[in-house]
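Single-letter residue listing:
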Amino acid sequence: MADIYQSKLWNERELYPFNQYAPRLAPNAGTSFGCGAPCGKTLIVDVNGDAYPCIYLVGISRFHLGNITNGTYPKRNVLRRMADRLHVDRIEECTSCVWRYVCGGGCPLRRLVPLDKGIAAEKVANYWKRVNCDYTKKVIELVLWNRAESTASSLLGGNVTHEASTVRYAVHC
């Protein structure tokens with residue numbers, strides 16, 4: 001992904017996940033959630049009309065938001081509980097992270113669907129950490145370096161050297 005991003009084949013606004021995080025770097029544009037599920041922005045409706053906040057939560061009764069055909073939708077209390085639990089300031093491992101308002105705590109699935117104890121659960125938890133934290137931090141870092149190079153290039157009249165970029169990646173990636 002880093003190579004594709006650096007190649008500039010796609011505009012940053014069109015290349016996921018860079019297009020997700022880049023806008024969050026603007027002044028006063030941080031986020032408190034890793035996705036739109038706790039806000040009802042990723043609504044899924046199954047063939048029976050049952051609504052859920054995320055495709056991965058379909059069929060789990062505690063995340064059922066009601067049914068769009070019988071007037072029980074929306075159950076806002078489900079979204080309120082999710083938002084209370086998933087706000088980035090309430091996620092213990094995020095409270096000391098400097099990136100928390102850019103990533104919003106990442107995908108909340110691992111916090112919503114409890115894992116059984118044991119080796120498999122630990123491996124899954126470590127996987128989610130790598131996907132949510134490590135990967136996201138690298139994406140944000142690339143976006144920040146891209147903006148820094150662009151700003152430096154415009155300030156220096158286009159004289160940013162390739163050697164500086166090479167050193168950057170050797171140190172940071």
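Refer to the structure presented above.
Here the structure is a predicted model, which is why all the values come from computation and not from measurement. (Residues numbered from 1 in each chain as written. Predicted model: local features only at pLDDT ≥ 70, side-chain atom pairs only at ≥ 80, totals over all residues. Heavy atoms only, no water.)

**Examining the packing of aromatic side chains**
For the structure on display, the rule yields one aromatic pair. Seen in terms of ring centroids, Tyr5 and Phe18 are 4.0 Å apart; in terms of plane orientation they differ by 15 degrees. Their pairing is stacked. On the criterion of sequence distance, the pair formed by Tyr5 in helix α1 (residues 2–7) and Phe18 in helix α2 (residues 18–21) is long-range, its members being 13 residues apart. Each member of the pair Tyr5 and Phe18 is classed as buried. It is Lys8 that lies over the ring of Tyr5; its NZ or CZ is 5.8 Å from the centre. (Phe/Tyr/Trp six-rings, centres within 6.5 Å; stacked < 30°, edge-to-face > 60°. Helix = DSSP H or I, 4+ residues; strand = E, 2+ residues; numbered from the N terminus. Buried < 20%, exposed > 50% of the residue type's maximum accessible area, 1.4 Å probe, protein only. Lys NZ or Arg CZ within 6 Å of the ring centre and 35° of its normal.)

**What to know about the sheet that holds strand β1 (residues 44–45)**
Pairing is antiparallel in the open sheet, where three strands are placed in the order β1-β2-β3. The open sheet terminates on both sides in strands that have one partner only, identified here as β1 and β3 (66–67). Two elements, β1 and strand β2 (residues 50–52), share two bridges in a ladder whose sense is antiparallel. Note on β2: the bridge partner recorded for Val45 is Ala51. (Pairing = 2+ DSSP bridges.)

**A word on empty space enclosed by the protein**
Sizing a probe to match a water molecule and rolling it over the atoms shows the empty space that remains. Evaluated as defined, the whole model comprises one cavity of 30 Å³ or more. Of the volumes computed, that of the largest cavity is approximately 40 Å³. Tallied by class, the residues present in the lining of the largest cavity amount to six nonpolar, three polar and one charged. (1 Å grid on protein atoms, 1.4 Å probe; cavity = no way out; pocket = protein on both sides within 12 Å on 5 of 7 lines; lining within 4 Å. Points joined across faces, edges and corners; volume = space filled by probe spheres on them. Nonpolar A, V, L, I, M, F, W, Y, C, P; charged D, E, K, R; others polar.)

**Concerning the layout of surface pockets**
When its volume is computed, the largest pocket comes out at roughly 360 Å³. In this structure, the largest pocket is lined by 21 residues; those nearest its centre are Tyr16, Gly34, Cys35, Gly106 and Cys107. For the lining of the largest pocket, the secondary-structure elements that each account for two or more residues are α2, α5 (109–112) and α6 (119–155). It is α6 that contributes the most residues to the lining of the largest pocket, five residues altogether. Taken together, the residues of the lining of the largest pocket break down into 15 nonpolar, six polar and no charged.

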